[in-house]
Amino acid sequence: MMQRDKHDSMANAIRFLSMDAVEKANSGHPGLPMGAADIATVLFTRFLKYDPKNPHWPDRDRFILSAGHGSMLLYSLLYLTGYEDITLDQIKNFRQLGSRTAGHPEYGHAAGIETTTGPLGQGLANSVGFALAERIMNARFGDALVDHYTYVLAGDGCLMEGISQEALSLAGHLRLNKLIVIWDDNNISIDGAVSLADSTDQCARFAASGWATIKCDGHDPDAIANALETARRSDRPTLIAAKTTIGFGAPTKAGTNKVHGSPLGAEEIAGARKALGWSYAPFEVPTETLDAWRLAGLNAGKKRIDWEKRLGSADADLRAEFERRMRGDLPVGLDAAITDYKRKLVADKPKVATRKSSEMALEVINGVVPETIGGSADLTGSNNTKTSQTKNITPGNYGERYVHYGIREHGMAAAINGMALHGGVIPYGGTFLVFSDYARPSMRLASLMGIRSIFVMTHDSIGLGEDGPTHQPVEQLAALRAIPNHYVFRPADAVEALECWQVALETRGTPSTLALTRQNLPLVRTEFGEENLCALGAYELATADGDAAVTIFATGSEVEIALAARTALQAHGHPTRVVSVPCFELFEKQSAKYRAAVIGTAKVKVAIEAAIRQGWDDFIGTDGIFVGMHGFGASAPIEKLYPHFGITAEATVAAVEKRLHGGK
């Protein structure tokens, strides 16, 4: 048990580093770090398993600051405990261009930042993936190598966001008992008292979803420690409702929204220094206090040494597999398995929906890559995300490979991110493409973080038919393509689906979305080749008989239409080539010479996609012909919809010949 005056000094170091950094930046959120400093001090000095000198060791506890606006709490902790990435100069450059100490914690900017948080609720939802990945890895490799907790500090805003319900109900259902969420229960949000907008009994809400709940005084170190001890022994995930005063120590602003998101001002900071007995200059931490923090970091790191001994004494094959999976390397046999399967596809020429092609590819992949963890948001039979290897993960049985996420698209995507961030697993999850709108904030964060999250989005166009415009994606492809660092794949057949999966698995720094059809499609890649053409983003699928007068670009289900239009146009004496464009983003990465050769010099350029035009002008120019959607879809059988919206080979031929003959 730590002496109270020592604890207070260590907590005050967090408070004053935070308020000084916010003041210098003239921007930021001092209230949470000041209010939660006691919680953080207890957690980092008495409980958390971490090593500032080896910050990425696999069996560390994960600490997630879901209330990312309070980032100075985390940066202060990382500096005080001795993480090399966060120096005092970094603290002084809080929120400045090029600093590691961004306004909200950014994954990859510094060791000790486990995930990017800021959009409220995301960290809480990520934590479900972290905790689930820990249990999956534990089931495979045992307590000796994998046995750690996931701690979350969440605010009122995190609990108000809808994603929190998706996350907490899934965690409760799966009984993820090594997940501990500490709620900074300070009753304040930006507008004022939480009671302005919310009157939820949060403990009752969590309890209703299968959580243990504990209430404690968030400024009493021993009460906090007792709550954490109890939570660590629970057979369920635990919410600790820690009652705090936002801006603790500020003489006139503590407990109000005025301390939430603005610098305190020189006068208030001077008053806080006096109230808390902190007589040091801005950014100065007394040697005795800094030494105590550094010692806490060193002591926590001793557990890593013990773990490394266990790793060293583990079975050689088990150790090698564990290390491979934590590095993120794929198994050696994957390339050969994909090549063999591609040869089989070309021989068999299956006519299947690309959602089925995806399932067929996964049957091969999941047989070779044991770390893939599949799932779906209650659309398993439609998304085709389950294979013979992926049995259901259930409460207490984490040694399987399939997650039934329920109707929780947003929570699923965030959990996938958490699993990818944890390491040791490669997660993918499915829903309908139109419901990417529900998952998009988490998909965007996957791109921002640069992680290997894979999203399987089926029913990708009006081709889904009778479910109608509520379910028919029109703008979603363009919207997802607009996200930086995000691969959007729309394969045209079983070979392309396999190649897209291969790229998604091999790409560690970019998440992928596979947009897949409901309707059956013929094989368009009828000749075998080892090269992954989809990795080029776009490639010539069919050449012109002579100098091309027409180039048709298409994706997915519309490649079939493009090929039919080519046949008709060439019969009419118009040499036509077809370019398949499975991934805009990969095409943009190719050399200027390659891109120019693929786009070509044909007089007439056409794009065919059962979606909106946005993005296609890079291929066809503003004067090119676009055959696609110009509004929402309709409820009807697919056979009626494509002709109704003019997405046919006949309509394409008519538009091209009109242009060739001088019309618009």
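Scroll up for the structure.
Keep in mind that this is a model prediction, so the values were computed, not measured.

Asker: Got a minute to help me understand the overall build of the protein chain in this structure?
Answerer: Each helix and strand in the protein chain was counted, giving 25 helices and 20 strands. The C-alpha radius of gyration of the protein chain comes to 28 Å, within 12% of the 26 Å expected for a compact globule of 664 residues. C-alpha atoms of the protein chain, sized along the principal axes, occupy 90 × 55 × 45 Å. A fraction of 78% describes how many contacts in the protein chain between residues 6 or more apart in sequence connect residues 24 or more apart. Accessible surface, the protein chain: about 24,200 Å² in total, of which carbon and sulfur atoms supply 50%. Taking the 67 positively charged and 76 negatively charged side chains of the protein chain as two groups, their mean positions are separated by 1 Å.

Asker: I'm lost on the sheet that holds strand β18 (residues 576–580) in this one. Help?
Answerer: Remark on secondary structure: sheet strands pair via backbone hydrogen bonds, oriented parallel or antiparallel. Overall, mixed pairing links the five strands, which are arranged β16-β18-β17-β19-β20 in an open sheet. Looking at strand neighbours, the two that pair on one side only are β16 (539–542) and β20 (625–628), the edges of this open sheet. Strand after strand, the sheet turns through a mean of 30° between neighbouring axes, direction not considered. With four bridges connecting them, strand β19 (residues 604–609) and β20 associate as parallel partners. By the bridge assignment for β20, Ala607 is matched with Phe626. Where helix α20 (residues 558–571) meets the sheet, its contacts fall on β16, β17 (550–554), β18 and β19, and the angle it forms with β17 comes to roughly 165°. In this fold helix α25 (residues 649–660) packs onto β17, β19 and β20, with an angle of close to 160° to the strand it touches most, β19.

Asker: Whenever I open this one, the packing of aromatic side chains confuses me. Can you help?
Answerer: The geometry of two aromatic rings is summed up by the distance between their centres and the angle between their planes. Overall, the coordinates contain 21 aromatic pairs when judged by the stated rule. Centre to centre, the rings of Tyr50 and Tyr83 are 6.4 Å apart; their planes meet at 10°, and the pair counts as stacked. With Tyr50 in the loop between α2 (31–47) and β1 (62–65) and Tyr83 in the loop between α3 (71–81) and α4 (88–92), this residue pair connects regions lying 33 residues apart in the sequence. Seen from their ring centres, Phe206 and Trp211 are 5.0 Å apart, and the 90° between their planes marks the pair as edge-to-face. Like Phe206, the residue Trp211 is buried in the burial classification. Through successive ring pairs, a cluster of aromatic residues spans Phe553, Phe584, Phe587, Tyr594, Trp616 and Phe619. In this structure, Arg140 packs its charged tip against the face of Phe141, placed 4.7 Å from the ring centre.

Asker: Any chance you could explain helix α12 (residues 316–327) here in plain terms?
Answerer: Structurally, the α-helix is built with 3.6 residues per turn, so residues lying three or four positions apart point the same way. For α12, which comprises twelve residues, the first-to-last C-alpha distance of 16 Å matches the rise-based estimate of 16 Å (1.5 Å per residue) to within 8%. Taken together, the buried positions of α12 are occupied by Glu321, Phe322, Arg324 and Arg325. Seen end-on, α12 carries its buried residues on one side only, within an arc spanning 165°. Along its buried surface, α12 packs onto α5 (122–141) and α11 (287–313). N-capping of α12 is provided by Asp315, with a side-chain oxygen placed 3.1 Å from the backbone N of Asp317. Where α12 ends, the next residue or the one after it, Gly328, has phi of about 90°, a positive value.

Asker: How should the packing of helix α14 (residues 354–368) against helix α19 (residues 494–506) be read in this particular structure?
Answerer: Two quantities define a packed helix pair, namely the angle between the helix axes and the distance between the axes. Viewed as axis vectors pointing N to C, α14 and α19 meet at an angle of 50°, and their least axial separation amounts to 8 Å. The orientation of α14 relative to α19 falls into the category oblique. Our pair here, α14 against α19, has a crossing hand that is right-handed. Across the interface between the two elements, Ser357, Ser358, Ala361, Leu362 and Ile365 from α14 touch Ala494, Ala497, Leu498, Trp501 and Leu505 from α19.

Asker: Teacher, can you tell me more about the pairing of strand β3 (residues 179–185) here?
Answerer: Side-chain positions along a regular strand alternate between the two faces of the sheet. Counting buried residues along β3, seven of its seven residues qualify, which places the element largely inside the surrounding structure. Side-chain alternation along β3 places Leu179, Val181, Trp183 and Asp185 on one buried face and Ile180, Ile182 and Asp184 on a second face that is also buried. With five bridges connecting them, strand β2 (residues 150–154) and β3 associate as parallel partners. Within β3, the position partnered with Ala154 by the bridge is Trp183. With six bridges joining them, β3 and strand β7 (residues 238–243) adopt parallel strand pairing. The partner of Asp185 across the bridge, within β7, is Lys243.

Asker: Could you clarify how one ought to interpret the packing of helix α1 (residues 4–25) against α11 in this entry?
Answerer: Relative to each other, α1 and α11 sit at 90°, their axes nearing to 10 Å. On the basis of their axis angle, the class for α1 and α11 is roughly perpendicular. Of the residues in α11, those in contact with Lys6, Ser9, Met10, Ala13 and Ile14 of α1 are Thr289, Ala292 and Trp293. Tallied by class, the residues present in the contact of α1 with α11 amount to five nonpolar, two polar and one charged.

Asker: Could you clarify how one ought to interpret α11 in this entry?
Answerer: Compared with the 39 Å implied by 1.5 Å per residue over 27 residues, the 40 Å span of α11 between its first and last C-alpha is a close match. For α11, the set of buried residues is Thr289, Leu290, Ala292, Trp293, Ala296, Gly297, Ala300, Gly301, Arg304, Trp307 and Leu311. Buried residues belonging to α11 abut α1, α2, α3 and α12.

Asker: Explain the pattern of salt bridges here, please?
Answerer: Oppositely charged side chains may form a pair once their charged atoms are brought near each other. Counted according to the given criterion, the structure contains 28 salt bridges. Here Arg490 makes a salt bridge to Asp460, at a shortest N to O gap of 2.9 Å. A residue pair is termed long-range when its members are at least 10 positions apart, and Arg490 in the loop between β13 (487–489) and α19 and Asp460 in the loop between β12 (454–458) and α18 (476–481) qualify at 30 residues. One exposure class covers both Arg490 and Asp460, and it is buried. Linked by salt bridges that have partners in common, Asp51, Arg304 and Glu308 make up one network.

Asker: Looking at this model, I keep getting lost on the pairing of strand β11 (residues 426–432). Mind explaining?
Answerer: Among the seven residues in β11, seven count as buried, and that is most of the element. With three bridges joining them, strand β9 (residues 372–376) and β11 adopt parallel strand pairing. Its bridge partner lying in β11, Thr372 is registered against Ile426. In the sheet, β11 pairs with β12 via five bridges, with the strands oriented parallel. Bridging from a neighbouring strand, Gly430 pairs with Val456 of β12. Between the parallel pair β11 and β12, the chain is carried across by helix α17 (residues 436–449), and the sense of this crossover is right-handed.

Rules used throughout
- Residues numbered from 1 in each chain as written.
- Predicted model: local features only at pLDDT ≥ 70, side-chain atom pairs only at ≥ 80, totals over all residues.
- Heavy atoms only, no water.
- Helix = DSSP H or I, 4+ residues; strand = E, 2+ residues; numbered from the N terminus.
- Rg over C-alpha atoms; globule rule 2.2 N^0.38 Å.
- Contact = heavy atoms within 4.5 Å.
- Areas by Shrake-Rupley, 256 points an atom, 1.4 Å probe, with all protein chains shown as cover.
- Lys, Arg positive; Asp, Glu negative; His and termini not counted.
- Charge placed at Lys NZ, Arg CZ, Asp CG, Glu CD.
- Pairing = 2+ DSSP bridges.
- Axes fitted to C-alpha atoms, helices over the stretch in contact; angles between N-to-C directions.
- Phe/Tyr/Trp six-rings, centres within 6.5 Å; stacked < 30°, edge-to-face > 60°.
- Buried < 20%, exposed > 50% of the residue type's maximum accessible area, 1.4 Å probe, protein only.
- Lys NZ or Arg CZ within 6 Å of the ring centre and 35° of its normal.
- Expected span 1.5 Å × (residues − 1).
- Arc of directions from axis to C-beta.
- Polar contact = N/O pair within 3.5 Å; in protein donor to acceptor, adjacent residues only side chain to side chain.
- Parallel < 35°, antiparallel > 145°, perpendicular 65-115°, else oblique.
- Left-handed = near helix turned anticlockwise from the far one by under 90°.
- Nonpolar A, V, L, I, M, F, W, Y, C, P; charged D, E, K, R; others polar.
- Salt bridge = Lys/Arg side-chain N within 4 Å of Asp/Glu carboxyl O.
- Right-handed = clockwise from strand over helix to strand, strands pointing away.

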